[in-house]
Amino acid sequence: MTALYALEGIRKSRGPVFSLAIPALELMEGGIHALSGANGSGKSTLLSLLAFLDRPTEGRLRFAGETVSWNTRSLARLRRQVTLLHQSPWLFRGSVFENVAWGLALRGVNGGTRRTRVFEALEAVGLSGFEKRDAQSLSGGEAQRTAMARAIALEPRVLLLDEPYSGVDRAAVETAESLIASMPARGTTVLLTTHDTAQLARPGGNIIRLAEGKVVSAKGAPSCAVV
Amino acid sequence: MDFLTDSVRAALVLILALDPDIASAALTSLQVAACSILLAAIPAIPVGLAVGLLDFPGRRAAVLALNSLMAVPTVLVGLLVYMVISRRGPLGGLDLLFTPSAIVLGGILLAGPIVATLVMNAAEGADRRIIPTAMTLGAGPLRAGLKFAAEIRLGIVAALVAGFGRVLSEVGVAMMLGGNIRGYTRTMTTAIALETGKGEFGTGVGLGLILMTIALLVNILFNLVLQRSRP
Amino acid sequence: METIARLLRLIPAAILIGATLAAPGGVRAAPPEARLRLATTTSTENSGLLGVLLPPFEKKAGCRVDVISVGTGKALKLGEAGDVDVVLVHARELEDRFVAGGYGVNRRDVMYNAFVVLGPGEDPAKVASSPDVSEAFRRIAGQESPFVSRGDRSGTHLKEQEVWRSAKIVPKGGWYVESGLGMGEAITMASEKRGYTLSDRATAVAWRGKSRLAVLFQGGPGLRNPYGVIAVNPQRHPAVRHELALRLIDFLTGPEGQAIIAGFKADGEQLFFTSPRRNH
């Protein structure tokens, strides 16, 4: 079985300092993977690479068996399978509906289907009835959930979540957790980062620990392994 | 004292009488400024976005060039365009000199750097998350760029208004390239220069007031619209 | 509500595009009617003479005359470049050089008026009582009274330099101001400085009551101001509208044009004269 992601000798440097150095790491398709580590341990950098938004300084990244060539054309194609949700997401100007529908429109999803999927996604995050609200007028929590709806509406193969539970109140954490827990059943592999060790036990998947840009441990094999 | 009040009185009479020469000059001014800004925007907005967003070798030089071009005196722009479109110049055969198109050509060169620089500033000041967000939602570079432009549209409109104002208010290019021909290439600013030269200060002030009113109306209009689209 | 807001957003764009498309005075590289380009001096345009002189010609010839009013020096330069079709200027020496250089053909005398010396009413340099214009200039220089020169190679500026030469004076010093301005602006400046300046009569009459200057010296052969019209040489610039230019020259020097010039009055005063006789 080929790994979903396979990293070989990946190094990412900012200036003279390596912010990420991973000799080998594999991530299997399916399930929920957690990436833990203190702030500055390289979690966000790794997520950017896995979302194909940033390229490594050195090394090879394979996605579903295909070596990523980092050219504009193939990146655009790969990005359509992977969606990253930032820790403090940016909402576009316009309504909540327009935000959630935008990625679907890019993919050529037609009007009726698009509408249905937007409404389903908003319902999943508990924002039914928010479609016409101005995205810029939402509270922090509502904005976070709108961004979540925008990501899951795309039904991506991989959903990368950067600190999905930070700055969210208790009740919302539970909603988010159950939503995330339901993703693998819909065919989406989830990789989330957290610096809160208490959260780690709860997703109940595989855990990769990062420290100073290096993988310290990976457990929960076989879906995740340091080779 | 009398001098000033007389001038203002003459100005009001002029406005109320709706003099056809003045109407023609006002229309020419507006048309020339509108054409200039529309044509300048086509290259200037993409250039401003590119310089503001991308990191490429020579970027600092491009920023410097844009900033310097903003400060080029209008008369120099007029002179350069004159040398190109004069019958002795490379484009002499087009017979552009002393036509409104000649002023538009100069206006494009005046407005372009302003629009590009202001768009660049808006792009640099925009949120860093816009482009990655658009891309992770599946946009290629072009669609992401368009989405980015839509997100900073307030800044882009402000840049266009500034460029429009520059063309509307300048006199050097309009005089040199248009020739201040009555009913044809006479703009509000060249008409003011002419009336001042004739000692008709009242008419000059009147034209100035009309020009200010036009500029004010355009600005109010854009501001109203911007406020509506503001969150 | 949302639709209204959307429509409102389109207004500026609509105005821009509308203004661009609305025809008159807009971008017209090739106007429907023939246009003859006449470069001339500010004195003929600003006095209002061309406003009455050209419309009858435009009607007869079925064309528009685009008047570009600049100084004589620049008008001739535009002619040299072939950027205009015909010039109406006042600087005989330069005109002759223009024709001799092969830039112009068919030069004709059109009219003349005179230059006058303007100055403050109290006349500190006693210009009004001088026997001739050279002496008047010598007195101004002797008193070091402010003198505003056009300094722009216009016909008036060339005449002024000619007078200084005849007075055997090289004007220099703080009192001699090389302004680089048009006639009207130079009069304003001289008025503010309580100084003297040389002006063509037409402009001086037009400025009566708008400045604190008075005509202090006029008349004499040294101050004649003849205007000539020259067609730009079509051999050098094939694109010029030579035929129309010749028609304009015929009109200006023919009976109809001459009658209009002689009959043109501003402030009840005749400004331009057609027959070669002395003014005063």
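Residues numbered from 1 in each chain as written. Chains lettered and ligands numbered in written order. Predicted model: local features only at pLDDT ≥ 70, side-chain atom pairs only at ≥ 80, totals over all residues. Heavy atoms only, no water.

Peer 1: Help me out: how do you make sense of the overall build of chain C in this one?
Peer 2: From N to C terminus, chain C includes 11 helices and 11 strands. Long-range pairs, those at least 24 residues apart, make up 74% of the contacts in chain C with a sequence separation of at least 6. Split by element, the accessible area of chain C, about 12200 Å² in all, is 55% carbon and sulfur. (Helix = DSSP H or I, 4+ residues; strand = E, 2+ residues; numbered from the N terminus. Contact = heavy atoms within 4.5 Å. Areas by Shrake-Rupley, 256 points an atom, 1.4 Å probe, with all protein chains shown as cover.)

Peer 1: Can you walk me through the interface of chain B and chain A in this structure?
Peer 2: Frequently, the measure chosen for interface size is the accessible area removed from exposure when the parts meet. On the chain A side, the residues contacting the 19 residues of chain B number 22 residues. When the two sides are added together, the surface that chain B and chain A hide from each other amounts to roughly 2000 Å², 63% of it contributed by carbon and sulfur. If you sort the residues of chain B by the area they bury against chain A, T136(B), L137(B) and E151(B) come out on top, with a joint share of 33%. At the junction of chain B with chain A, the criterion picks out 6 residue pairs in polar contact (both at pLDDT 80 or more). For the side of chain B that touches chain A, the element with the highest residue contribution is helix α6 (residues 130–136) of chain B, accounting for 6 residues. Here the side of chain B that touches chain A is built from residues that sort into 10 nonpolar, 3 polar and 6 charged. (Buried area = accessible area lost by both parts, 1.4 Å probe. Polar contact = N/O pair within 3.5 Å; in protein donor to acceptor, adjacent residues only side chain to side chain. Nonpolar A, V, L, I, M, F, W, Y, C, P; charged D, E, K, R; others polar.)

Peer 1: Even after reading the chapter, I still don't get the packing of aromatic side chains, so can you show me in this structure?
Peer 2: Any aromatic ring pair is given by two values, namely how distant the centres are and how the planes are angled relative to each other. Applying the stated criterion to the full structure yields 18 aromatic pairs over all chains. Cluster of aromatic residues (ring-pair linked, three or more members): F137(C), F147(C), W164(C), W175(C) and Y176(C). One residue, K147(B), lies across the ring of F92(A), its end atom 4.5 Å from the ring centre. (Phe/Tyr/Trp six-rings, centres within 6.5 Å; stacked < 30°, edge-to-face > 60°. Lys NZ or Arg CZ within 6 Å of the ring centre and 35° of its normal.)

Peer 1: Is there a simple way to think about unusual backbone geometry in this case?
Peer 2: Both trends apply: most residues other than glycine have a negative phi, and most peptide bonds are in trans. Residues and elements named next belong to chain A. Look at F52: it is not a glycine, yet its phi comes out positive at around 60°. Structurally, F52 can be placed in the loop between α1 (43–50) and β4 (58–63). Accessibility expressed as a relative area gives 1% for F52, which makes it buried. Phi is positive for E155, close to 45°, though the residue is something other than glycine. Topologically, E155 is positioned in the loop between α5 (140–152) and β7 (158–162). (Buried < 20%, exposed > 50% of the residue type's maximum accessible area, 1.4 Å probe, protein only.)

Peer 1: What's the story with helix α11 (residues 255–263) of chain C in this structure? I'm lost.
Peer 2: Note that an α-helix has 3.6 residues per turn; residues three or four places apart therefore point the same way. Residue and element names in this part refer to chain C. What α11 keeps buried is the set G257, Q258, I260 and I261. Looking straight down α11, one finds that the buried residues subtend no more than 160° of arc, so they occupy a single side. Of the exposed residues in α11, those oriented more than 90 degrees away from the buried face are P255 and A259. Close packing links the buried residues of α11 with α3 (49–61), β4 (104–120) and α10 (242–253). (Arc of directions from axis to C-beta.)

Peer 1: Explain helix α10 (residues 188–197) of chain B here, please?
Peer 2: By the criterion of burial, α10(B) is predominantly enclosed, with 7 of the 10 residues buried. Positive backbone phi, at 80°, marks G199(B), one or two positions downstream of α10(B).

Peer 1: Could you clarify how one ought to interpret the pattern of salt bridges in this entry?
Peer 2: Side-chain pairs of opposite charge can arise where the charged atoms are in close proximity. This model, assessed by the stated rule, comprises 34 salt bridges over all chains. As a salt-bridge pair, R117(A) and E155(A) come within 3.7 Å of each other at their nearest N and O atoms. Here R117(A), found in helix α4 (residues 111–124), pairs with E155(A), found in the loop between α5 and β7; they are 38 residues apart in sequence, far enough to count as distant. Between D152(C) and R150(C) there is a salt bridge, with the nearest N and O atoms lying 3.1 Å from each other. D152(C) gets classed as partly exposed once you look at its relative accessible area, which sits at 28%. Taken together, the shared-partner salt bridges in this structure form one network comprising R92(C), E95(C), D96(C), R107(C) and D109(C). (Salt bridge = Lys/Arg side-chain N within 4 Å of Asp/Glu carboxyl O.)

Peer 1: Explain the confidence of the model for chain C here, please?
Peer 2: In regions of low pLDDT, the predicted coordinates are not meant to be interpreted in detail. Residues and elements named next belong to chain C. Taken residue by residue, chain C gives an average pLDDT of 87. The fraction at 70 or more is 86%. Counting contacts from residues 23–31, a segment whose pLDDT is below 50, to residues more than four positions away or on other chains yields 20 contacts. Interface confidence for the predicted complex, given as ipTM, is 0.89, next to a pTM of 0.83. (pLDDT = per-residue confidence, 0-100.)

Peer 1: Got a minute to help me understand the side chain of T83(A) in this structure?
Peer 2: Residue position: T83(A) is located in strand β6 (residues 82–85). Discounting chain neighbours no more than four positions away, the residues touching T83(A) are A151(A), L154(A), P156(A), V158(A), L159(A), L160(A), T136(B) and L137(B).

Peer 1: Would you explain the packing of α3(C) against α10(C) in this entry?
Peer 2: Packed helix pairs are characterised by how far apart their axes lie and by the angle those axes make with each other. All names here are of chain C. In the contact formed by α3 and α10, the axes pass within 11 Å of each other and the chain directions differ by 130°. For the element pair α3 / α10, the angle class is oblique. In the crossing of α3 with α10, the sense of the turn from one axis to the other is right-handed. Touching L53, L54, P56, F57, K60 and A61 of α3 are L244, R247, L248, F251 and L252, all from α10. (Axes fitted to C-alpha atoms, helices over the stretch in contact; angles between N-to-C directions. Parallel < 35°, antiparallel > 145°, perpendicular 65-115°, else oblique. Left-handed = near helix turned anticlockwise from the far one by under 90°.)

Peer 1: In this structure, what is going on with the packing of helix α4 (residues 74–85) of chain B against helix α5 (residues 100–125) of chain B? I would like to understand it.
Peer 2: Residue and element names in this part refer to chain B. Running from N to C, α4 and α5 cross one another at 130°; their axes reach a closest spacing of 10 Å. In this view, α4 runs oblique relative to α5, as classed from their interaxial angle. Both α4 and α5 take part in a crossing whose hand is right-handed. When α4 is examined against α5, the residues T74, V77, V81 and I85 are found in contact with a partner set consisting of A102, L105, G106, L109 and L110. For the contact of α4 with α5, the class distribution of residues is 7 nonpolar, 2 polar and no charged.

Peer 1: Please explain the domain arrangement of chain C as it appears in this structure.
Peer 2: Residues and elements named next belong to chain C. Each domain of chain C was delimited in the assignment, giving domain 1 (34–113 + 225–274) and domain 2 (114–223). Once you take the C-alpha centre of each, domain 1 and domain 2 turn out to be 26 Å apart. Listed as interface residues are 18 residues of domain 1 and, on the opposing side, 15 residues of domain 2. If you sort the residues of domain 1 by the area they bury against domain 2, N113, N225 and E269 come out on top, with a joint share of 32%. On inspection of domain 1 and its partner domain 2, the count reaches 3 salt bridges. We note a salt bridge from R208 to D267, for which the minimum N-O separation is 3.4 Å. Among the secondary structure elements, those contributing two or more residues to the side of domain 1 that touches domain 2 are α2 (42–46), α4 (72–81), β9 (224–232) and β11 (269–270). Split into classes, the residues belonging to the side of domain 1 that touches domain 2 amount to 6 nonpolar, 10 polar and 2 charged. (Domains from an automatic or database assignment.)

Peer 1: Where do I start with the environment of T189(B) in this structure?
Peer 2: All names here are of chain B. Following the sequence through the fold, T189 ends up in helix α10. What makes T189 buried here is its relative accessible area of 7%. In the structure, T189 is positioned 32 residues away from V157 in sequence and 24 Å away in space, judged by C-alpha atoms. Apart from the residues lying within four places of it in its own chain, the contact partners of T189 are S29, L168, S169, E170, V171, A174 and L211. A polar side-chain atom of T189 sits 2.9 Å from the main-chain carbonyl oxygen of E170.

Peer 1: Is there a simple way to explain the environment of L18(B) in this structure?
Peer 2: Within the secondary structure, L18(B) is located in the loop between α1 (2–17) and α2 (20–53). Of the residues examined, L18(B) reaches a relative accessible area of 67% and is grouped as exposed.

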